[in-house]
Amino acid sequence: MEALANSFHRDQRSRATAVTLARLFERLYKRFDAGNVRGCLIEAMVETRLRARYADAGSQLDNNVFVTLSNGAKYRTSTSVDVVGHDGYRGECHDCKARGRYVDTEWITELVAHLVPHQFRIGVATAESAPTARRAMGAGISQTVTVTGPESWWDGLPLWGT
């Protein structure tokens with residue numbers, strides 16, 4: 001990890017910072033399950049990307065929460081959603097997994113069925129490329145679900161645009 005980080009930096013100060021960060025990540029991976037660490041890092045990245053869209057007064061942005069509809073529709077997600085943003089009119093929910101094969105497609109189908117009609121977009125963020133993750137999820141995943149991999153984290157989020 002240190003060698004990879006150093007390959008991006010040329011000056012001594014940048015390399016020292018990269019080594020420090022690499023060692024912190026190494027300790028993090030040693031203390032916790034690697035899959036959970038990757039998922040948590042993806043969640044943090046998605047939440048940061050959505051902050052630009054859902055930072056205004058009246059908007060909400062949170063992670064690991066249940067989504068409840070109450071304005072004419074009675075629905076509560078059966079499981080907490082990794083990252084949710086809502087501006088008072090439209091929203092988006094993201095499931096964050098290191099690999100597409102770990103996505104619970106039945107739960108994603110539930111979100112699509114209950115939230116898309118109420119101006120929500122549903123996304124899955126993975127550490128795999130979007131095509132690889134979508135293949136791993138299988139044919140049952142709705143085409144309305146946006147799958148974002150590292151190649152589209154920066155320009156593909158938030159799903160509603162800023």
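This text goes with the structure placed above it.
Predicted, not measured: the structure shown is a model, and the values here were computed from it.

Student: Even after reading the chapter, I still don't get unusual backbone geometry, so can you show me in this structure?
Tutor: Apart from glycine, the bulk of residues carry a negative phi angle, and the bulk of peptide bonds sit in the trans form. Going from L157 to P158, the amide bond is cis rather than trans, its omega being 0°. Following the sequence through the fold, P158 ends up in the segment after helix 6 (153–156).

Student: Honestly, helix 5 (residues 130–137) in this entry has me stumped. Any pointers?
Tutor: For an α-helix the count is 3.6 residues per turn, leaving residues at separations of three or four pointing the same way. Buried within helix 5 are the following residues: A130, A133 and M137. For helix 5, the angular spread of buried residues about the axis comes to 65°, placing them on one side. Considering only its buried residues, helix 5 is in contact with helix 4 (105–115), strand 6 (120–126) and strand 7 (146–148). G138 occupies a position one or two residues after helix 5 and carries a positive phi of about 90°.

Student: Hey, could you run me through the nonpolar core in this one?
Tutor: Side chains of nonpolar character tend, in soluble globular proteins, to be buried together. Residues C93, I108, L111, L115, I122 and V145 are the most contacted members of the largest nonpolar core, which totals 22 residues. Of all the secondary structure elements, the ones that give two or more residues to this core are strand 4 (81–86), helix 4, strand 6 and helix 5. A total of five residues in this core trace back to one element, the largest contributor, which is helix 4. If we skip the residues at most four places from it in the chain, L111 touches Y75, T77, V81, V116 and I122. The next biggest cluster of nonpolar side chains, apart from the first, holds twelve residues, and it includes L50, C96, W153 and L159.

Student: Looking at this structure, how should I read the environment of Q60?
Tutor: Considering the arrangement of structural elements, one finds Q60 in strand 1 (residues 60–65). Owing to a relative accessible area of 57%, Q60 belongs among the exposed residues under this scheme. Separated by 25 residues in the primary sequence, Q60 and G85 have C-alpha atoms spaced 5.5 Å apart. Beyond its immediate sequence surroundings of up to four residues, Q60 is in contact with Y54, V84, G85 and H86.

Student: Just checking my understanding: could you explain the pattern of salt bridges for this structure?
Tutor: If charged atoms from side chains of opposite charge come close, those side chains can pair. According to the stated counting rule, one finds four salt bridges in the structure shown. Notably, a salt bridge pairs E47 with R51, separated by 3.5 Å at the nearest N-O pair. Separated by four residues within a single helix, E47 and R51 lie in helix 3 (residues 34–51), roughly one turn from each other. Between R99 and E128 there is a salt bridge; the shortest N-O distance is 3.5 Å. A residue pair is termed long-range when its members are at least 10 positions apart, and R99 in the loop between strand 5 (91–97) and helix 4 and E128 in the loop between strand 6 and helix 5 qualify at 29 residues. By relative accessible area, which is 15% here, E128 ends up buried.

Cut-off values and rules
- Residues numbered from 1 in each chain as written.
- Predicted model: local features only at pLDDT ≥ 70, side-chain atom pairs only at ≥ 80, totals over all residues.
- Heavy atoms only, no water.
- Helix = DSSP H or I, 4+ residues; strand = E, 2+ residues; numbered from the N terminus.
- Buried < 20%, exposed > 50% of the residue type's maximum accessible area, 1.4 Å probe, protein only.
- Arc of directions from axis to C-beta.
- Contact = heavy atoms within 4.5 Å.
- Core = buried A, V, L, I, M, F, W, Y, C linked by side-chain atoms within 4.5 Å.
- Salt bridge = Lys/Arg side-chain N within 4 Å of Asp/Glu carboxyl O.

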